[in-house]
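Residue-level listing of the chains:
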Amino acid sequence: MGRIDTAYFDLGSLDALAYRESNIHRLDPRAKLVTTLVFIITVVSFNKYSLSGLIPFLFFPVAILARADLPTGPILKKLLIALPFALFIGIFNPFFDREPMLQIGTIAVSGGWVSFASILLRFTLTVTAALTLIATTSFTGVCMALEKLGCPRIFALQLLFLYRYLFVLIEEATRLVRARSLRSFHGRGKGVKVFGSLIGQLLLRSLERAQRIHLAMHCRGFDGEIRMLKPLHFGRRELLFTLSWSAFFIICRIWNITEMAGTILVEILT
């Protein structure tokens, strides 16, 4: 039961990190969102065999984590939780693409293994950037930035409600699972029929909780607008942050910085 309470859906810890004070935290959410989107677009635009060209992009999440003084533990934990999805996507590549592509000593590396490594690297970069964005902005700030950038308000609100009340749904499911475990002896009460009943009970509890939440929102004057304690201000710092990082991403996309540095290093050594 302890694992159910603590583990995989503890997404709220990232929002707690967003209330720290640093230069990155104080930036306008729109600047961080646009920069992260440019980063993700440039990373996923590489072809499936690219590896060396992706290495310079590691500098962005590492720099943000360092400047924002964020602990790496929560970020890595959530990255590892999502890692099986990337493994499932790329694990079959070595079986279908067996054409040798690299030669490391006496070992020939097929294109399938190279593409598999590229998928894992791109997954690590994009997911880490997204988690870092939430950890420095909060999910509310991200949704508000989406709305201010022209995203339909209804979409931003639905995304915010999905994220916020996912915890409520998980809490109700945890209570049901705990109650079933306390009433189950020698494996009884854990069949498919009981599972179907649990799903029905969860639906009923969710509807009841949703009605109470809806009434509470109306009582507090909710009018459909996302508000934050800190007002938004897109100034020179935000413009410089967005343009400088975007220029770096584009340069790294056009030129392979790793290969150029390797070539220069070999020429110097020889």
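The coordinates are above.
Here's what I pulled together on the structure shown here. Model, not experiment: these values are computed from the prediction.

So, on to the overall build of the protein chain. For the protein chain, the helix and strand inventory stands at twelve helices and two strands. Each helix and strand of the protein chain, placed in order from N terminus to C terminus, yields the pattern α-α-α-α-α-α-β-β-α-α-α-α-α-α. Looking at the 270 residues of the protein chain, the share that counts as buried comes to 36%. Contacts in the protein chain between residues far apart in sequence, at least 24 positions, make up 80% of those at least 6 positions apart.

Throughout the structure, instances matching the rule amount to 14 aromatic pairs. Look at F59 and F248: their rings are 6.0 Å apart centre to centre, the planes differ by 65°, and that puts the pair in the edge-to-face class. Residue F59 is located in helix α4 (residues 59-67), and its partner F248 is located in helix α11 (residues 236-254); the two are separated by 189 residues in the primary sequence. Residue classification places F248 among the partly exposed residues on the basis of a relative accessible area of 26%. Both rings, one in W245 and one in F249, keep their centres 5.8 Å apart while their planes meet at 25°; by these two values the pair is stacked. Here W245 and its partner F249 are both found in helix α11, four residues apart, which amounts to about one turn of the helix. Comparing W245 with F249 shows no difference in burial state: the two are buried. Three or more aromatic residues joined by ring pairs make a cluster, and in this case those are F39, F46, F57, F59, F60, W245, F248 and F249.

Okay, α11 next. Compared with the 27 Å implied by 1.5 Å per residue over 19 residues, the 27 Å span of α11 between its first and last C-alpha is a close match. Listed as buried for α11 are E238, F241, T242, W245, S246, F249 and C252. Across the axial projection of α11, the buried residues extend over an arc of 125°, all falling on one side. Summarising the geometry of α11, the exposed residues directed more than 90 degrees from the buried face are R236, L240, L243 and I254. As for α11, its buried residues are in contact with α3 (29-44), α4 and α12 (257-269).

The subject of this paragraph is the pattern of salt bridges. When charged atoms on two side chains of opposite charge get close, those side chains can pair. For the coordinates displayed, the defined rule picks out four salt bridges. Residue R26 pairs with E21 through a salt bridge whose shortest N-O separation is 3.1 Å. Among the ionic pairs, R153 bridges to E147, the shortest N-O distance being 2.9 Å. Under the relative-accessibility criterion, E147 is labelled buried at 15%.

On to the packing of α3 against helix α7 (residues 111-137). Angle between the axes and distance between the axes are the two parameters that describe a pair of packed helices. Running from amino to carboxyl end, α3 crosses α7 at an angle of 175°, the nearest separation of the two axes being 10 Å. Regarding the angle of α3 to α7, the classification is roughly antiparallel. Mapping the contact onto sequence places P29, K32, L33, T36, F39, I40, V43 and V44 in α3 and R122, L125, T126, A129, A130, L133, T136 and T137 in α7. Counted by class, the contact of α3 with α7 contains ten nonpolar, four polar and two charged residues.

Quick look at the environment of A68 now. Within the element layout of this structure, A68 appears in the loop between α4 and α5 (72-90). Given a relative accessible area of 1%, A68 falls into the buried group. Contacts of A68, omitting those with residues within four sequence positions, involve S22, I24, H25 and T136.

Conventions and cut-offs
Residues numbered from 1 in each chain as written. Predicted model: local features only at pLDDT ≥ 70, side-chain atom pairs only at ≥ 80, totals over all residues. Heavy atoms only, no water. Helix = DSSP H or I, 4+ residues; strand = E, 2+ residues; numbered from the N terminus. Buried < 20%, exposed > 50% of the residue type's maximum accessible area, 1.4 Å probe, protein only. Contact = heavy atoms within 4.5 Å. Phe/Tyr/Trp six-rings, centres within 6.5 Å; stacked < 30°, edge-to-face > 60°. Expected span 1.5 Å × (residues − 1). Arc of directions from axis to C-beta. Salt bridge = Lys/Arg side-chain N within 4 Å of Asp/Glu carboxyl O. Axes fitted to C-alpha atoms, helices over the stretch in contact; angles between N-to-C directions. Parallel < 35°, antiparallel > 145°, perpendicular 65-115°, else oblique. Nonpolar A, V, L, I, M, F, W, Y, C, P; charged D, E, K, R; others polar.

All quantities given are derived from atomic positions and should not be read as evidence of function.
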